[in-house]
Amino acid sequence: MPQIWIDAAYLLAAVCFILGLRFLSHPRTARRGNLVAAAGMGVALIATLLDAHITNYTWIVVGVVIGTAVGVAGARMVKMTAMPQMVALFNGVGGGAAALVASSDYLRGGATGPGDLVPVIFSAAVGSISFAGSMIAFLKLQEWMTGRPLTYPGQQVVNALVALGILAISGYLLVTASAPLYVTLVVLALLLGVAFVLPIGGADMPVVISLLNAFTGLSAAATGFVLSNTVLIVGGTLVGASGTLLTLMMSRAMGRSIANVLFSAFGSAVLVPAARGGPSQDGRTVRSGSADDVAVLLAYANSVVIVPGYGLAVAQAQHAVHELAELLEKRGVDVKYAIHPVAGRMPGHMNVLLAEANVPYEQLVEMDEINPQMERTDVALVVGANDTTNPAAKNTPGSPIYGMPIIEVDEAHNVVVLKRSLGAGFAGIDNELYYNPKTTMLFGDAKKSLSELVSAVKNV
Amino acid sequence: MSAHLLAEITVLVLAAFVGFEVISKVPTTLHTPLMSGTNAIHGIVIVGGMLVAGSSHDWIGIVLGTIAVTFGTINVVGGFLVTDRMLEMFKGRRPAPSDEQKAA
């Protein structure tokens, strides 16, 4: 096929990607958007296969068959709670692919002059960082290694030295060709990918995953420069923009700078041993209630706002919470879910988990929209959320989470907290909400407590 | 700087603006599908893998290209499928009392 037709097909693919992303702006059209983007991908791939440069299809078929088997199996089997690690894995292989394409170009002497070398080196380095970083993120999220930050003395100095090494070698390679040094560069980039994710804790993963997503996008765009291929540049840049935007939004939703999220090993503090009910060490009291007490409170309320956190997903209680919500709605209670932007392990994760439990998307309300309604809410029901409801973020300058936007449950007339114990959340700090006179604690496993609430509400 | 390179940089800059514009309209409810959908889109790098794997006669090109195609396919196929699976779950209220009905 003549090159001009192939380029036209690439243009069509780029248009499909942009339209697909546009359709993603509403739940009604989102599924169609994904299909449009996938169709664009199909067009680009068919056009590529008709490229006159391709003379041997054997290895392409081998790769596509293996890749399809792995991709389909992964996508079909993954549980919604495990979505973040799946996305990390897919993201990582994308970065790896970009680095491999750049490497084959360099190692076979295809790249000469800075116009080729800059994108080749960029794609190889950033793609490798993204590959290795995503794999560590995957291991952490899958809990095949600890989700807590891993730190050692001098860690930041070592990381900075590795980064400097990468920059130095990159500069040298622009002037002098050297395959061994190029390989060293890739190895250092892989090392840096591992090293920079190690000190980042589980609850900061939404930022890391977004950032790695941006990295892979940019390395794909750089590969587009290497191959003079516009669809790669457009596709990669769209993802780079999306990842960058999400990274900024997520760190804003944590009230911390990106540098703080990436470098401070937040959440490595030792947890305070948990007390259960009764007066705490400093004499503040906690009111603990029974399922029946809480059921009465909920059943006679006009409005209930449910505030789910990652603990809900850990307890697999999405379906139980939806059952309770439906029961309350049948009694005429207005029920909404307040979703904090960083609830879960990736941006928007909590919405997916609740959608899986058949919660209609109209009930999923964003933080900025629900907060002004909180003072008119009868009961705020907090399930497995901690730091994202801690009033210290508003009231206590000097608290590690001060400045973080929270769901203002303390504004509601009554607060009910479902929680295993008084243990601290990810930030390792006490939550003064639990000592608020408005608050009733219902201790126990979230799923079990919710089922008890369901039967208690039925008996009211 | 060649005209060709400048044209490519133009594409990059415009795509970045379009990207920011389009993506800032996606509600937080859909951020996870957005991320896995864009994830699938960067799998477009498979195009590079195919060109390398299909045009190489040396073992470095074949090995690196084939692995790149495999990785890219996992990225594309897995990414779009998993996004579709998620979006399928996003449903509105089932009995759906429409606004007109309420108003009537």
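Residues numbered from 1 in each chain as written. Chains lettered and ligands numbered in written order. Predicted model: local features only at pLDDT ≥ 70, side-chain atom pairs only at ≥ 80, totals over all residues. Heavy atoms only, no water.

### Concerning the interface of chain B and chain A
Taken together, the contact pairs 80 residues of chain B with 104 residues of chain A. A combined buried area of about 8100 Å² lies between chain B and chain A, and 76% of that area is made up of carbon and sulfur atoms. By the criterion of area lost to chain A, the three top residues of chain B are Met35(B), Ile44(B) and Arg85(B), representing 9% of everything that side buries. On inspection of chain B and its partner chain A, the count reaches two salt bridges. The salt bridge involving Asp58(B) is made with Arg108(A); its shortest N-O contact spans 3.1 Å. At the junction of chain B with chain A, the criterion picks out 19 residue pairs in polar contact (both at pLDDT 80 or more). Elements that contribute at least two residues to the side of chain B that touches chain A include exactly helix H1 (3–23), helix H2 (31–42), helix H3 (46–55) and helix H4 (59–89) of chain B. With 28 residues, the single largest contributor to the side of chain B that touches chain A is H4(B). (Contact = heavy atoms within 4.5 Å. Buried area = accessible area lost by both parts, 1.4 Å probe. Salt bridge = Lys/Arg side-chain N within 4 Å of Asp/Glu carboxyl O. Polar contact = N/O pair within 3.5 Å; in protein donor to acceptor, adjacent residues only side chain to side chain. Helix = DSSP H or I, 4+ residues; strand = E, 2+ residues; numbered from the N terminus.)

### So, the pattern of salt bridges
Here the idea is simple: oppositely charged side chains can pair when their charged atoms come close. A full pass over the atoms with the stated rule returns nine salt bridges over all chains. For Asp84(B), the salt bridge goes to Arg31(A), with nearest N and O atoms at 2.9 Å. On the criterion of chain membership, the pair formed by Asp84(B) in helix H4 and Arg31(A) in helix H2 (residues 27–49) is interchain, its members lying in two chains. Through salt bridges that share partners, Lys394(A), Asp410(A) and Glu411(A) make up one connected network.

### Examining the packing of aromatic side chains
Evaluated as defined, the whole model comprises four aromatic pairs over all chains. Residues Phe131(A) and Phe71(B) carry aromatic rings whose centres are separated by 5.8 Å and whose planes lie at 20° to one another, so their mutual orientation is stacked. With Phe131(A) in helix H5 (residues 114–141) and Phe71(B) in helix H4, this residue pair bridges two chains. When its relative accessible area of 24% is taken as the criterion, Phe131(A) is described as partly exposed. The ring centre of Phe23(A) lies 5.3 Å from the NZ or CZ of Arg32(A), which sits over that ring. Across from the ring centre of Tyr310(A), 3.9 Å away, lies the NZ or CZ of Arg345(A), which sits over that ring. (Phe/Tyr/Trp six-rings, centres within 6.5 Å; stacked < 30°, edge-to-face > 60°. Buried < 20%, exposed > 50% of the residue type's maximum accessible area, 1.4 Å probe, protein only. Lys NZ or Arg CZ within 6 Å of the ring centre and 35° of its normal.)

### Observations concerning the sheet that holds strand S4 (residues 379–383) of chain A
Residue and element names in this part refer to chain A. With respect to topology, six strands assemble into an open sheet ordered S3-S2-S1-S4-S5-S6, the strand pairing being parallel. In this open sheet, the two strands that pair with only one neighbour each are strand S3 (364–366) and strand S6 (439–443). The sheet shows a mean angle of 25° between the axes of neighbouring strands, direction not considered. (Pairing = 2+ DSSP bridges. Axes fitted to C-alpha atoms, helices over the stretch in contact; angles between N-to-C directions.)

### Here we look at the packing of helix H9 (residues 230–253) of chain A against H2(B)
Contact geometry of H9(A) with H2(B) gives a least axis separation of 9 Å together with a crossing angle of 150°. Considering their axes alone, H9(A) and H2(B) lie roughly antiparallel with respect to each other. Considering only the axes of H9(A) and H2(B), their crossing is left-handed. Taking contact as the criterion, the partners of Gly235(A), Val239(A), Ser242(A), Leu246(A), Met249(A) and Met250(A) in H9(A) are, on H2(B), His31(B), Leu34(B), Met35(B), Thr38(B), Ile41(B) and His42(B). Of the residues that constitute the contact of H9(A) with H2(B), the class distribution is seven nonpolar, five polar and no charged. (Parallel < 35°, antiparallel > 145°, perpendicular 65-115°, else oblique. Left-handed = near helix turned anticlockwise from the far one by under 90°. Nonpolar A, V, L, I, M, F, W, Y, C, P; charged D, E, K, R; others polar.)

### Things to note about the environment of Asn351(A)
Residues and elements named next belong to chain A. Among the structural elements, Asn-351 can be located in helix H14 (residues 349–356). Since its relative accessible area comes to 3%, Asn-351 is described here as buried. Separated by 13 residues in the primary sequence, Asn-351 and Leu-364 have C-alpha atoms spaced 7.0 Å apart.

### Here we look at unusual backbone geometry
Residues and elements named next belong to chain A. The backbone of Ser-228 sits at a positive phi, close to 50°, despite the residue not being glycine. Along the chain, Ser-228 falls in the loop between helix H8 (205–227) and H9. With a phi close to 70°, Asn-358 is a non-glycine residue in the positive phi region. Tracing the backbone shows Asn-358 in the loop between H14 and S3.

### Concerning a nonpolar patch on the surface
On the surface, a cluster of nonpolar side chains totalling about 580 Å² of accessible area is made up of Met1(A), Ile4(A), Trp5(A), Ile46(A) and Leu50(A). With respect to the secondary-structure elements, Ile46(A) resides in helix H2. (Patch = residues over 30% accessible without salt bridge, like charges linked within 9 Å, V, L, I, M, F, W, Y side chains within 5 Å. Areas by Shrake-Rupley, 256 points an atom, 1.4 Å probe, with all protein chains shown as cover.)

### Thoughts on the nonpolar core
All names here are of chain A. Core analysis: the biggest nonpolar cluster contains 144 residues, and Ile-306, Leu-324, Tyr-337, Leu-354, Val-383, Leu-450 and Leu-453 have the highest contact counts within it. Sorting elements by how many residues they give to this core places helix H4 (residues 83–107) first, with twelve residues. In this structure, Val-365, Ala-380, Ala-385 and Tyr-435 belong to the second largest nonpolar core, which totals 22 residues. (Core = buried A, V, L, I, M, F, W, Y, C linked by side-chain atoms within 4.5 Å.)

### A word on the environment of Val87(A)
Among the structural elements, Val87(A) can be located in helix H4. For Val87(A) and Ile209(A), which are 122 residues apart along the polypeptide, the C-alpha to C-alpha distance reads 8.2 Å. In contact with Val87(A), other than residues within four places in its own chain, are Ile209(A), Met346(A), Met35(B), Ser36(B) and Asn39(B).

### Some thoughts on the environment of Arg93(B)
Locating Arg93(B) in the fold gives a position in the loop between H4 and helix H5 (99–103). Residue Arg93(B) is classed as partly exposed on the basis of its relative accessible area of 35%. Apart from the residues within four sequence positions on either side, Arg93(B) is in contact with Glu329(A), Pro360(A), Glu362(A) and Gln363(A).

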